[in-house]
Amino acid sequence: MTDVPDLQRRHFLLGRFAETSQPAEPPVAVITQSCFAHRGVACMSCRDVCPTGAVRFALALGGARPRINTDRCTGCGVCAQACPAEAIRLAPLEAAS
Ligand code: SF4
Ligand code: SF4
């Protein structure tokens, strides 16, 4: 078996390390169709518990519905735990838009 020269091995390892050590983007909250507001039931639990004020309610046909401001959402998941309809999941930002 031939040995890989140290320089190439080091380059490979550093490259791999750099690739895997990139901090992953934190997820953001995504509200699904199970949300009570989509069925005309008043609920604002997610807004009430969000520590960053990322949940806002916007008027829509049938009543106000929650919207996530992804610039403010830290992906902490507190809203998902508080949601009585289990309507909130955490997902990568790309999947949230
Ligand atoms: S807590 Fe859940 S059910 Fe209530 S408004 Fe938020 S997403 Fe909808
Ligand atoms: S995940 Fe955290 S920061 Fe984002 S909307 Fe829910 S409670 Fe707010």
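Quick caveat: nothing in here was measured; it's all calculated off a predicted structure.

A. Here's a closer look at the pattern of salt bridges. By the definition in use, this model includes one salt bridge. R47 serves as the salt-bridge partner of D48, at 3.4 Å between the closest nitrogen and oxygen. By relative accessible area, which is 55% here, D48 ends up exposed. Of the residues examined, R47 reaches a relative accessible area of 38% and is grouped as partly exposed.

B. Representation of the confidence of the model for the chain within the structure. Residues at a pLDDT of 70 or more form 75% of the chain, whose mean pLDDT is 83. Throughout residues 10-14 the model reports pLDDT below 50, and contacts reaching past four residues in sequence, or to other chains, amount to zero contacts.

C. Geometry of unusual backbone geometry. The phi dihedral of E86 is positive, around 50 degrees, even though this residue is not glycine. With respect to the helices, strands and loops of the structure, E86 is situated in the loop between α3 (78-82) and β4 (88-91). Residue classification places E86 among the exposed residues on the basis of a relative accessible area of 70%.

D. Examining the environment of A29 more closely. Relative to the assigned elements, A29 resides in strand β1 (residues 28-31). Along the chain, A29 and A96 lie 67 residues apart, while their C-alpha atoms are 7.6 Å from each other. When residues no more than four places from it in sequence are discounted, the contact partners of A29 are I68, C73, C79, I88, R89 and L90.

E. Quick peek at the site of ligand 1. As a structural note, the neighbourhood of ligand 1 is formed by I31, C35, F36, C43, S45, C46, F57, P66, C83, P84, A85 and I88. Each residue belonging to the shell around ligand 1 can be placed in one class, and the counts come to eleven nonpolar, one polar and no charged.

F. Up close: the pairing of strand β2 (residues 55-60). Alignment of β2 against strand β3 (residues 63-68), held across six bridges, turns out to be antiparallel. Note that in β3 the partner of R56 across the bridge is R67. Once β2 ends, the chain turns through two residues before running back antiparallel as β3, passing G62 with a positive phi of about 95 degrees.

G. The site of ligand 2, seen in detail. In the vicinity of ligand 2, 14 residues are found, and the nearest of them are C50, C73, C76, G77 and C79. Residues that form the shell around ligand 2 fall into these classes: ten nonpolar, four polar and no charged.

H. Main features of the nonpolar core. If you look at the biggest cluster of nonpolar residues, it comprises 14 residues, and the most contacted ones within it are A29, C46, C73, C79, C83, A87 and I88. Among all residues touching A87, those that are not within four sequence positions of it are V30, I31, T32, S34 and C35.

Calculation rules
- Residues numbered from 1 in each chain as written.
- Chains lettered and ligands numbered in written order.
- Predicted model: local features only at pLDDT ≥ 70, side-chain atom pairs only at ≥ 80, totals over all residues.
- Heavy atoms only, no water.
- Salt bridge = Lys/Arg side-chain N within 4 Å of Asp/Glu carboxyl O.
- Buried < 20%, exposed > 50% of the residue type's maximum accessible area, 1.4 Å probe, protein only.
- pLDDT = per-residue confidence, 0-100.
- Contact = heavy atoms within 4.5 Å.
- Helix = DSSP H or I, 4+ residues; strand = E, 2+ residues; numbered from the N terminus.
- Near = heavy atom within 4 Å.
- Nonpolar A, V, L, I, M, F, W, Y, C, P; charged D, E, K, R; others polar.
- Pairing = 2+ DSSP bridges.
- Core = buried A, V, L, I, M, F, W, Y, C linked by side-chain atoms within 4.5 Å.

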